[in-house]
Amino acid sequence: MSSPLTAEAAHAGVHCLPVPTPFLVGRVNCYLIEDDPLTLVDCGPNSGKALDELERALAAHGRTVEELELIVVTHQHIDHIGLVEVLQRRSGAEVAALDRLSGYLGDYRRATELDDEFAVALMLRHGIPEEIVQALRSVTSAFRGWGSGTTVTRPLADGSQLALRDRTLDVLHRPGHSPLDTIFWDAERELLLGGDHLIKHISSNPLVARPLDGDGDAAARPQALRSYIASLTATRELPARIVLSGHGEPVTDHRTLIDERFALTERRAAKILKLLGEEPATAHELAQRMWGNVAVTQAFLTLSEVLGHLDLLCVEGAVRERDDAGVVRFEAVLQTAAS
Ligand SMILES: [Zn+2]
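A brief look at the structure comes next. Note that the coordinates shown come from a computational prediction; the quantities given were computed from them, not determined experimentally.

**A short note on the overall build of the chain**
Looking only at helices and strands, the chain features twelve helices and 13 strands. Taken against the 2.2 N^0.38 rule, which gives 20 Å for 339 residues, the C-alpha radius of gyration of the chain at 21 Å falls within 12% of a compact globule. The burial tally for the chain puts 51% of its 339 residues in the buried class. Of the side-chain charges in the chain, 33 are positive and 49 negative, and the distance between the mean point of each set is 3 Å.

Right under this line is the structure:
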């Protein structure tokens with residue numbers, strides 16, 4: 001990547017180090033910040049290949065893993081945290097993350113088991129057949145090895161500041177894509193380290209995730225798309241010139257991109273309302289009408305998408321949710337004919 005934008009970020013001492021992942025999303029962007037402490041934002045998945053490439057990328061900037069002094073984590077997805085334990089152990093770096101992420105990373109195995117249990121309950125509750133749920137669960141457990149936990153030595157409060165020698169980063173909690181998405185705002189340079197909150201070439205999926213404060217009851221699922229919209233609305237206000245994302249190229253005109261995301265959400269909600277028709281349907285049935293077989297192979301992802309839009313339609317009063325003996329069905333609220 002050698003766009004003028006990356007050159008400008010590099011001039012500010014921020015270098016993009018794209019690291020391979022085994023996932024559909026492709027490479028994940030880690031960022032090296034040449035400052036005191038020497039800082040790495042996000043880590044790549046826990047694999048030898050990712051570590052090799054990360055070391056090569058650091059070497060291209062004359063750095064080694066051992067020299068890292070601070071590792072900053074934007075959220076708990078495995079392509080961003082996988083190498084955190086290895087890097088922390090080898091470098092002795094401090095690990096900074098949103099305070100509410102400390103418990104999650106500190107007891108990673110238990111936290112991900114609870115995530116899996118929540119996802120299973122949610123999928124069954126929304127009409128995904130048992131055999132698909134079980135198949136997905138084994139895929140998810142196989143993926144767990146790409147992640148890792150660690151001790152967060154510097155928990156960050158939402159709204160606090162992370163001060164390095166040459167820059168100060170505002171810590172802003174922006175739930176949506178994940179419940180703990182955190183962005184880091186350099187107000188002086190008008191530069192935003194955005195993680196997966198905003199990605200240029202793909203709309204970030206607002207995945208339904210276990211609420212970390214509650215008891216993980218699938219009936220009390222968080223409304224991920226609604227919180228994502230609130231988060232994007234807040235980010236839209238930042239006078240950002242450059243957003244450095246967790247995947248893909250930097251974003252310049254973030255307001256236009258956010259407006260495109262909002263327009264897509266409206267179109268999708270209208271389409272789902274149309275697909276719902278007059279018969280009540282489960283969110284999984286709607287996902288199949290929308291995406292066909294993809295709703296089976298990517299059942300959790302498409303379920304999250306549909307639920308997010310149904311939440312919006314429920315708030316508008318166009319749809320209501322009802323519980324049929326433990327399975328949730330949605331129905332269109334018929335507008336009474338004008339008399
Ligand atoms: Zn992510």
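**A look at the packing of aromatic side chains**
The full count for this structure, using the stated rule, is three aromatic pairs. Ring geometry for F23 against F143: centres 5.1 Å apart, planes inclined by 75°, an arrangement best described as edge-to-face. Here the residue F23 occupies a position in the loop between β1 (14-19) and β2 (28-33), and F143 occupies one in helix α7 (residues 130-143), the gap between them amounting to 120 residues. The class of F143 is partly exposed, set by a relative accessible area of 36%. Residues F23 and W146 carry aromatic rings whose centres are separated by 6.1 Å and whose planes lie at 75° to one another, so their mutual orientation is edge-to-face. Remark: W146 occurs in the loop between α7 and β6 (154-156) and F23 occurs in the loop between β1 and β2; sequence separation between them is 123 residues. Of the residues examined, W146 reaches a relative accessible area of 26% and is grouped as partly exposed.

**As for the coordination of the zinc ion**
Distances from the zinc ion to its protein donors, H75 (NE2), H77 (ND1), H177 (NE2) and D196 (OD), fall at 2.1 to 2.4 Å. If you look at the zinc ion, its four donor atoms make angles of 88 to 175° with each other, and the shape they trace is irregular. Counting gaps between the donor residues of the zinc ion yields the pattern H-x1-H-x99-H-x18-D.

**Topic: the pattern of salt bridges**
Applying the stated criterion across every chain, the model contains 23 salt bridges. Here R63 ties to E67 by a salt bridge, and the two come within 3.0 Å at their closest N and O atoms. Residue classification places R63 among the partly exposed residues on the basis of a relative accessible area of 25%. A salt bridge links D116 to R144, with the shortest nitrogen-to-oxygen separation between them at 2.5 Å. Here D116 is found in helix α6 (residues 108-125), whereas its partner R144 is found in the loop between α7 and β6, with 28 residues between them in sequence. Since its relative accessible area comes to 21%, R144 is described here as partly exposed. Through salt bridges that share partners, R320, R322, D324, R329 and E331 make up one connected network.

**What to know about the pairing of strand β12 (residues 319-324)**
Regular strands show a simple pattern: their side chains alternate between the two faces of the sheet. Pairing analysis gives six bridges linking β12 to strand β13 (residues 327-332), with the strands arranged antiparallel. Residue R322 lies in a different strand from β13, and its bridge partner there is R329.

**Thoughts on helix α10 (residues 283-291)**
Listing the buried residues of α10 in full gives A283, H284, L286, A287 and M290. Buried residues of α10, seen end-on, are gathered within an arc of 155° and therefore sit on one face of the element. On its buried face, α10 is in contact with α9 (254-276), α11 (294-297), α12 (299-316) and β13. Count one or two residues on from α10 and you reach G292, which has phi positive near 60°.

**So, the nonpolar core**
Residues L17, L54, L83, L87, L162, L193 and L244 are the most contacted members of the largest nonpolar core, which totals 55 residues. Discounting residues that sit within four places of it in the chain, L193 has contacts with V14, Y31, I33, V41, L169, I183, F184 and L244. Formed by 32 residues, the second largest nonpolar core is a distinct cluster that contains L207, A295, L307 and A332.

**Details of the environment of Q223**
Position of Q223 relative to the elements: it lies in the loop between β10 (191-195) and α8 (224-236). Taking the C-alpha atoms as reference points, Q223 and A12, 211 residues apart in sequence, are found 37 Å from one another.

**Thoughts on the pairing of β1**
Taking burial as the measure, the six residues of β1 include five buried ones, the bulk of the element. Inspection of the sheet shows β1 paired to β2 by six bridges, in the antiparallel sense. Within β2, the residue paired with C16 across the bridge is Y31.

**A look at the sheet that holds β6**
Taken in spatial order, the six strands line up as β1-β2-β3-β4-β5-β6 in an open sheet, and their pairing is mixed. Edge positions in the sheet fall to β1 and β6, since each has one partner strand and no second. Taken over all neighbouring pairs, the strand axes of this sheet differ in orientation by 20° on average, direction set aside. Direction of pairing for strand β5 (residues 94-98) relative to β6: parallel, over a ladder of three bridges. Opposite A96, over in β6, you have R154 as the bridge partner. Most of the contacts of helix α2 (residues 48-60) go to β1, to which it runs at about 155°, and overall it touches β1, β2 and β3 (39-41).

**With respect to the sheet that holds strand β11 (residues 242-245)**
What the five strands build is an open sheet, ordered β7-β8-β9-β10-β11; its pairing is mixed. Across the chains shown, the open sheet's two edge strands, defined by having one partner strand only, are β7 (161-163) and β11. The average undirected angle you get between the axes of adjacent strands in this sheet is 25°. One ladder, built from three bridges, connects β7 with strand β8 (residues 168-173); its direction is antiparallel. By the bridge assignment, L162 is partnered in β8 with L169.

Cut-offs and rules
- Residues numbered from 1 in each chain as written.
- Predicted model: local features only at pLDDT ≥ 70, side-chain atom pairs only at ≥ 80, totals over all residues.
- Heavy atoms only, no water.
- Helix = DSSP H or I, 4+ residues; strand = E, 2+ residues; numbered from the N terminus.
- Rg over C-alpha atoms; globule rule 2.2 N^0.38 Å.
- Buried < 20%, exposed > 50% of the residue type's maximum accessible area, 1.4 Å probe, protein only.
- Lys, Arg positive; Asp, Glu negative; His and termini not counted.
- Charge placed at Lys NZ, Arg CZ, Asp CG, Glu CD.
- Phe/Tyr/Trp six-rings, centres within 6.5 Å; stacked < 30°, edge-to-face > 60°.
- Donors = N, O, S within 2.8 Å, 3.2 Å for Na, K, Ca; no water.
- Tetrahedral: all angles 85-135°; square planar, octahedral: opposite > 155°, others 65-115°.
- Salt bridge = Lys/Arg side-chain N within 4 Å of Asp/Glu carboxyl O.
- Pairing = 2+ DSSP bridges.
- Arc of directions from axis to C-beta.
- Contact = heavy atoms within 4.5 Å.
- Core = buried A, V, L, I, M, F, W, Y, C linked by side-chain atoms within 4.5 Å.
- Axes fitted to C-alpha atoms, helices over the stretch in contact; angles between N-to-C directions.

So far we have only geometry, and geometry alone does not tell us how the molecule works.
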